[in-house]
Amino acid sequence: GLDVRALAGCKLACVGASTAEQLTKYGLKADAVPDSPQNYSAAGLLKKLEQLPLQDQRWIVTTTNRSQGELQAGLAAAGVRVLEAFSYETRPVTKLRPAVSQALSKNRIHACAITSPAIAEATCELLGEYTRDIAPVAFSPVIAQKLNQLGWSCEHIAATRNRLGLLATVQD
């Protein structure tokens with residue numbers, strides 16, 4: 001438990017506006033966030049950071065055990081010394097909840113929101129043959145590409161990379 005003052009002089013960057021908003025709950029403000037929901041990704045943040053002098057800086061990148069490392073690699077290529085800090089671990093579930101299994105067996109589920117490549121993999125595994133009857137809605141083009149690679153045809157991509165974008169896409 002350090003005090004927030006321990007971050008004095010540190011710059012903060014977030015992949016998206018939702019994460020930046022969460023920082024405000026702790027009295028923190030993001031210095032760099034991609035400009036639009038279409039750019040809320042590691043690549044979008046790296047593009048935003050191109051405007052800053054990064055050479056020889058030290059960064060902590062909070063990440064998960066399933067991170068693809070795009071942000072870390074991009075920062076390192078810009079001359080940043082990167083330290084990864086795992087903030088949480090993602091572990092796939094191995095069994096659907098009984099209510100979900102029952103709804104699937106009665107053909108009551110028509111769409112499924114997919115918010116990451118890891119979730120795409122886990123969901124394909126869990127749903128198995130049911131993927132034929134359920135339309136996936138991808139959070140981004142990268143996720144849609146992953147779904148297509150897994151054999152689950154994805155035609156619906158969220159208009160914006162947030163919950164409202166997913167909801168709007170499902171309603172259309």
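Refer to the structure presented above.
Residues numbered from 1 in each chain as written. Predicted model: local features only at pLDDT ≥ 70, side-chain atom pairs only at ≥ 80, totals over all residues. Heavy atoms only, no water.

This part covers the environment of glutamine 22. With respect to the secondary-structure elements, glutamine 22 resides in helix α1 (residues 17-24). Residue classification places glutamine 22 among the partly exposed residues on the basis of a relative accessible area of 38%. (Helix = DSSP H or I, 4+ residues; strand = E, 2+ residues; numbered from the N terminus. Buried < 20%, exposed > 50% of the residue type's maximum accessible area, 1.4 Å probe, protein only.)

Attention now moves to the pairing of strand β1 (residues 58-64). With seven bridges connecting them, β1 and strand β2 (residues 81-88) associate as parallel partners. By the bridge assignment, arginine 58 is partnered in β2 with arginine 81. As a crossover connection, the stretch from β1 through helix α3 (residues 70-77) into β2 is right-handed. (Pairing = 2+ DSSP bridges. Right-handed = clockwise from strand over helix to strand, strands pointing away.)

The strands making up a sheet associate through backbone hydrogen bonding, with each pair oriented either parallel or antiparallel. As summarised here, the arrangement of the three strands in space is β3-β4-β5, forming an open sheet in which the pairing is parallel. Edge positions in the sheet fall to β3 (111-114) and β5 (156-157), since each has one partner strand and no second. Bridge count for strand β4 (residues 135-138) against β5 is two bridges, and the pairing is parallel. Paired with alanine 138 across the strands is isoleucine 157, a residue of β5.

Here we come to α3. All of the buried residues along α3 are Leu71, Gln72 and Leu75. Down the axis of α3, the buried set is contained in an arc of 100°. They therefore lie on one face. Tucked into the core, α3 has its buried residues touching α2 (42-49), β1 and β2. Positive phi shows up at glycine 79, right after α3, with a value of about 90°. (Arc of directions from axis to C-beta. Contact = heavy atoms within 4.5 Å.)

A separate point is unusual backbone geometry. Phi is positive for aspartate 56, which is not a glycine, with a value near 65°. Following the sequence through the fold, aspartate 56 ends up in the loop between α2 and β1. If you check the backbone angles, asparagine 107 has positive phi at about 55° while not being a glycine. Counting through the fold element by element, asparagine 107 comes out in the loop between α4 (98-105) and β3.

By the element assignment, threonine 169 lies in helix α7 (residues 163-171). Overall, the relative accessible area of 13% leaves threonine 169 in the buried class. At 3.2 Å, the side chain of threonine 169 and the backbone nitrogen of alanine 159 are in polar contact. Those residues in contact with threonine 169 that lie beyond four places of it in its chain are Val137, His156, Ile157, Ala158 and Ala159. (Polar contact = N/O pair within 3.5 Å; in protein donor to acceptor, adjacent residues only side chain to side chain.)

This part covers the pairing of β3. Of the two faces of β3, the one holding Cys112 and Ile114 is buried and the one holding Ala111 and Ala113 is not buried anywhere. With four bridges joining them, β3 and β4 adopt parallel strand pairing. For alanine 111, the partnering residue across the bridge sits in β4 and is alanine 135. The parallel pair β3 and β4 is bridged by helix α5 (residues 117-127), and the resulting crossover is right-handed.

By themselves, these observations are geometric and do not establish any function.
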